[in-house]
Amino acid sequence: MAVFAVGGTVRLAHPRSAGYTNHAMSKQHKHESGTNPAANHQATNRRDATAHWADETAAKIIREKGDKARYTCASGITPSGTVHIGNFREIISTELVARALRDLGKEVRFIYSWDDYDVFRKVPANMPKQDELAKYLRFPITMVPDPWERDESYARHHEVDIETALPRMGIHPEFLYQAQKYRASTYAAGIRKALEHRGALKDILDKFRDEDHKIQGEWWPISVFCDECNRDDTDISGWDGEWGVTYHCNLCGHTETVDVRTAKGVKLGWRIDWPMRWEFEQVDFEPAGKDHHSQGGSFDTAKYVCKDVYNWDAPISFRYDFIGIKGSAGKMSSSSGKVVTIEDLLRVYTPEVARYLFAGTRPNTEFTISFDLDVIKIYEDYDRLERVAWKIDPAKDDEAYRKARRIYELSQVEPVPAGDGTLPGIPPYQIPFRHLCNLIQIADGDIEQTIAGLENSADGPALKPEQIPSLRQRCECARHWAEECAPDEFRFRLRPTGETAALSDTEAAAIRDLRDTVVARIGDYADDKACAEAIYAVAEKHGMDGKVLFRAAYQALIGKDQGPRLANFLRSISKERLLGILAGY
Ligand SMILES: [Zn+2]
C-alpha cells in the first residue's frame, strides 16, 4: 500500500490506527464547562441550540446538510492494536452529536466502521507473542490470528473489547466490518469509479504536495492482497478499462487478473477509501483527529475526492484533540506504557462520570484524564452538577442551570429528555467519593457490607432500593481506585483485634482515654465537629499536642502516621470494632 509523502513528512496511508499513536502527555487539568462562553444565550424556556458543543454541531449539520428526517453520523478505526482512550474520544464525540440530533427530533444512523481490511503494518509493543504476530505483517488485520486465542482474529479481539465496553456507557452504534464489505465486493462500483478517475485523483493528492513530493511514476488508487500469500506487497500491472485488474506479487511471484466484482483482495487506498465510503453510506457527520485535520491531511484531500469523484459533499466534521493521562490506571491496566483503555477508565469512573469527562469538555481542547487524587475532585464536580440538574442546589442563574442540565443529560447512560422538565426517576444517592473509599477500606473491600452499612446508617439521607445499583457501581470504582490507583497515603487497613502499635506510655494512656471516653460514646455525637472537640479535650487532658494524639490514634487503628480525618473516621467504624482494636492498651 502506498505511503504518501505530504510536505516532506511521510504520512501513513491509513493513520487512524488504534494503538499506534501516543497520548499527548499534559500535566494540566483542563476540564472546563464545555460550553462556549462567547455564545449568546437567550433567557427563554426553549433550549438554546448554542448551549452545548454537541447541540451547536447538530444545528450546523442541519443548517449545512439540509433539513432531513434522518442523518448518518460516522466514526471508525483500524483495529490494529489496543483501542485506547484517545481513540475513544472520537466514538463518544460522535455519539454525543447523534444524541443532540435525536433531541431535535431527528432520526440518526450512527455507524462505526471497523477498518479491519487494512494492512497489519507493525506489531504494537504491548502485544504478546511478538514473533508470531510479526509473521503476519502485510496481511489484512482480519487474517492475523488472535495472540490470546480468544477470538477468531487479532482484529476481532480488539473489536470485541470495544463492542463489549461501549454498551456500558450507553453507546450503541451499528458496527460495519470493512473486511466483510470488501471481500463481498460491496464497493466494486466505487473501486471502478476510482480507476476511471485515477488521473483526477492523482491531481487532487498532488495539489497538497510541494514539487519534491508529487507522486512519481505510475499511480493506482487501489492495492491488492495477493490471493496466494495474502500480503499486499503487490504491483498493479494493468486495468482493462472495465472490471479486470492484473497484479503481480513481489513476494511469491503470483500474477493474476481478477474481476473487481468478485475479487476478495482489491482495496482502495485510505485517502480514496474514506471519501468513497462517505458517499456509500451518505455520511453527514464524522469527526476526526488532529492528524487528519492538518493542512493537506486526509480530510482535506478526501473532501475533494468525495465531491469531484463521488459527487457527495464531505460530512460536517470537527477536530478532536488528544487526551493526556495523569496518574496510574493501576496494576490491572492493560497498559504497557501509555495504553489506557475504556475498561481502565470504567474501572475508576462510573459510566456517567466517564461520559461527563467528555460531555463537559469541548472536543477541540486537549484534556487530561486523571487516575490520581484528582479522581476525588472529578466525582465532587459531577455530584455538584447532579445536584444542580436535579434542582437540589440552586444554579447561579437560568443560563447556568441550562448549561449544567445539558451536560448532565448528555452524561447519562440512558438518554433523558432534554429541556428543563422533570428528570426521570429519583435523584441518585450521593456519597462523596473520598468518604466512600474510606468506608470500603473500613469494610476490608466488602462492597455489600459497605452498602448495608449505608442502609442502616442514621447519618445522611436514607438509601432507597432503586438507588442501590448505581451506588454499587460507584463502590466498585471506589474500591478499584483505592486499591490500585490511589497514592499510598490514601490507603489503609484496620488492624485486626489483638494487634497493637508500639506506643509510648503517655500515648498509650491517651489512647486508653480516647477509647473509654470518646469511642465508648461514639454514637452520641451529633456530628463530626462535636466528636472532634471531644478528641481535642483528650489531648489537652494529657498535655499533648493534638497532632501527637492523632498520630498515636492512626498508629493504633491502621499502623500509619496519618489517615482519614479522625472524627469522621471513628464515626464511620462500628463501636464494637473500635473497642476491639483498642482493647490492648
Ligand atoms: Zn503473494
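Look a little higher up for the structure.
A brief report on the enclosed structure follows. Source: prediction; values computed, not measured.

What counts and how
Residues numbered from 1 in each chain as written. Predicted model: local features only at pLDDT ≥ 70, side-chain atom pairs only at ≥ 80, totals over all residues. Heavy atoms only, no water. Donors = N, O, S within 2.8 Å, 3.2 Å for Na, K, Ca; no water. Tetrahedral: all angles 85-135°; square planar, octahedral: opposite > 155°, others 65-115°. Helix = DSSP H or I, 4+ residues; strand = E, 2+ residues; numbered from the N terminus. Buried < 20%, exposed > 50% of the residue type's maximum accessible area, 1.4 Å probe, protein only. 1 Å grid on protein atoms, 1.4 Å probe; cavity = no way out; pocket = protein on both sides within 12 Å on 5 of 7 lines; lining within 4 Å. Points joined across faces, edges and corners; volume = space filled by probe spheres on them. Nonpolar A, V, L, I, M, F, W, Y, C, P; charged D, E, K, R; others polar. Core = buried A, V, L, I, M, F, W, Y, C linked by side-chain atoms within 4.5 Å. Pairing = 2+ DSSP bridges. Contact = heavy atoms within 4.5 Å. Expected span 1.5 Å × (residues − 1). Axes fitted to C-alpha atoms, helices over the stretch in contact; angles between N-to-C directions. Parallel < 35°, antiparallel > 145°, perpendicular 65-115°, else oblique. Left-handed = near helix turned anticlockwise from the far one by under 90°. Disulfide = S-S within 2.5 Å.

1. Comments concerning the coordination of the zinc ion
Then, in step 1: In the first shell of the zinc ion, the protein supplies C226 (SG), C229 (SG), C249 (SG) and C252 (SG), at 2.3 to 2.4 Å from the metal.
Then, in step 2: Relative to the metal, the four donor atoms surrounding the zinc ion lie at angles of 101 to 121°, and the coordination shape comes out tetrahedral.
Then, in step 3: Summarised as a motif, the one-chain spacing of the donors to the zinc ion is C-x2-C-x19-C-x2-C. Linking C226 in the loop between β6 (222-224) and β7 (234-239) with C252 in the loop between β8 (244-249) and β9 (255-259), this pair joins segments that are 26 residues apart in sequence.

2. Digging into unusual backbone geometry
Then, in step 1: A positive phi angle, close to 50°, is found at K129, a residue other than glycine.
Then, in step 2: With respect to the secondary-structure elements, K129 resides in the loop between β4 (107-114) and α3 (130-134).
Then, in step 3: Its identity is not glycine, yet E149 carries a phi of approximately 55°, on the positive side.
Then, in step 4: Tracing the backbone shows E149 in the loop between α3 and α4 (154-165).
Then, in step 5: Looking at E149, the relative accessible area reads 65%, which means it is exposed.

3. Looking at empty space enclosed by the protein
Then, in step 1: In this structure the tally under the stated criterion is six cavities of 30 Å³ or more.
Then, in step 2: A74, I111, S113, R277 and E286 are, among the 13 residues lining the second largest cavity, the residues nearest its centre.
Then, in step 3: Residue assignment for the lining of the second largest cavity shows that the elements contributing at least two residues are β3 (70-77), β4 and α8 (270-281).
Then, in step 4: In terms of residue count, the dominant contributor to the lining of the second largest cavity is α8 (four residues).
Then, in step 5: Of the residues assigned to the lining of the second largest cavity, the class counts are six nonpolar, three polar and four charged.

4. Brief notes about the nonpolar core
Then, in step 1: In terms of nonpolar packing, the biggest core is built from 86 residues, with F88, Y349, F358, I369 and W481 touching the most fellow members.
Then, in step 2: Per-element accounting of this core gives the leading share, nine residues, to helix α2 (residues 85-103).

5. Some thoughts on the pairing of strand β14 (residues 367-370)
Within a regular strand, the side chains alternate between the two sheet faces.
Then, in step 1: Along β14, one buried face is formed by F367 and I369 and the opposite face, lined by T368 and S370, is buried too.
Then, in step 2: Across four bridges, the pairing between strand β13 (residues 323-326) and β14 is parallel. Among the inter-strand pairings, G324 is bridged to a residue of β14, identified as T368.

6. With respect to helix α9 (residues 298-308)
Then, in step 1: Buried within α9 we find S298, F299, D300, T301, A302, V305 and C306.
Then, in step 2: The inward-facing, buried residues of α9 abut α7 (198-207) and α8.

7. Brief notes about α2
Then, in step 1: For α2, which comprises 19 residues, the first-to-last C-alpha distance of 26 Å matches the rise-based estimate of 27 Å (1.5 Å per residue) to within 8%.
Then, in step 2: Downstream of α2 by one or two residues, G105 has phi in the positive range, about 85°.

8. A look at the layout of surface pockets
Then, in step 1: There is about 1400 Å³ of room inside the largest pocket.
Then, in step 2: Taken together, 46 residues line the largest pocket, and the ones lying closest to its centre are H435, L439, N568, R571 and S572.
Then, in step 3: Elements with a minimum of two residues in the lining of the largest pocket: α14 (433-442), α15 (447-456), α18 (528-541), α20 (566-572) and α21 (575-581).
Then, in step 4: Elements with a minimum of two residues in the lining of the second largest pocket: α11 (351-359), α12 (374-389) and α16 (468-485).

9. Observations regarding the side chain of Q467
Then, in step 1: Here Q467 shows up in the loop between α15 and α16.
Then, in step 2: Once residues within four sequence positions are removed from consideration, Q467 is found in contact with I426, P427, P428, Y429 and A462.

10. Some words on the sheet that holds β8
Then, in step 1: Strands sit in the order β7-β8-β9 across an open sheet of three strands; the sheet is antiparallel. Whereas interior strands pair on both sides, the edge strands pair on one side only; in this sheet they are β7 and β9. Pairs of neighbouring strands in the sheet enclose a mean axial angle of 30°, with direction left out of account.
Then, in step 2: Where β7 and β8 come together, five bridges link them in antiparallel fashion. Of the residues in β8, the one forming a bridge with G238 is T246.

11. Overview of the packing of helix α1 (residues 53-65) against α2
Then, in step 1: Packing of α1 against α2 leaves a shortest axis separation of 8 Å and a crossing angle of 65°. Between α1 and α2, the interaxial angle falls into the category roughly perpendicular. Seen along the crossing, α1 lies across α2 with a hand that is right-handed. The residues of α2 that touch α1, namely those facing W53, A54, D55, T57, A58, I61 and I62, are S93, L96, V97, A100 and L101.
Then, in step 2: Of the residues assigned to the contact of α1 with α2, the class counts are nine nonpolar, two polar and one charged.

12. Quick look at the environment of S574
Then, in step 1: Mapped onto the elements of the fold, S574 is located in the loop between α20 and α21.
Then, in step 2: In the structure, S574 is positioned 121 residues away from G453 in sequence and 9.5 Å away in space, judged by C-alpha atoms.

13. Description of the packing of helix α17 (residues 505-518) against helix α19 (residues 546-558)
Then, in step 1: Between α17 and α19, whose axes approach to 10 Å, the crossing angle comes to 75°. By the angle between their axes, α17 is roughly perpendicular relative to α19. Each of E507, A510, I511 and L514 in α17 lies in contact with α19, whose residues at this interface are V548, L549, R551, A552, A553 and A556.
Then, in step 2: Across the contact of α17 with α19, the residue classes break down as eight nonpolar, no polar and two charged.

14. Some thoughts on the state of the cysteines
Then, in step 1: The full count for this structure, using the stated rule, is zero disulfides.
Then, in step 2: Looking at the unpaired C475, the closest cysteine sulfur is the one in C477, lying at 9.4 Å.

Any link to function would need more than the numbers given here.
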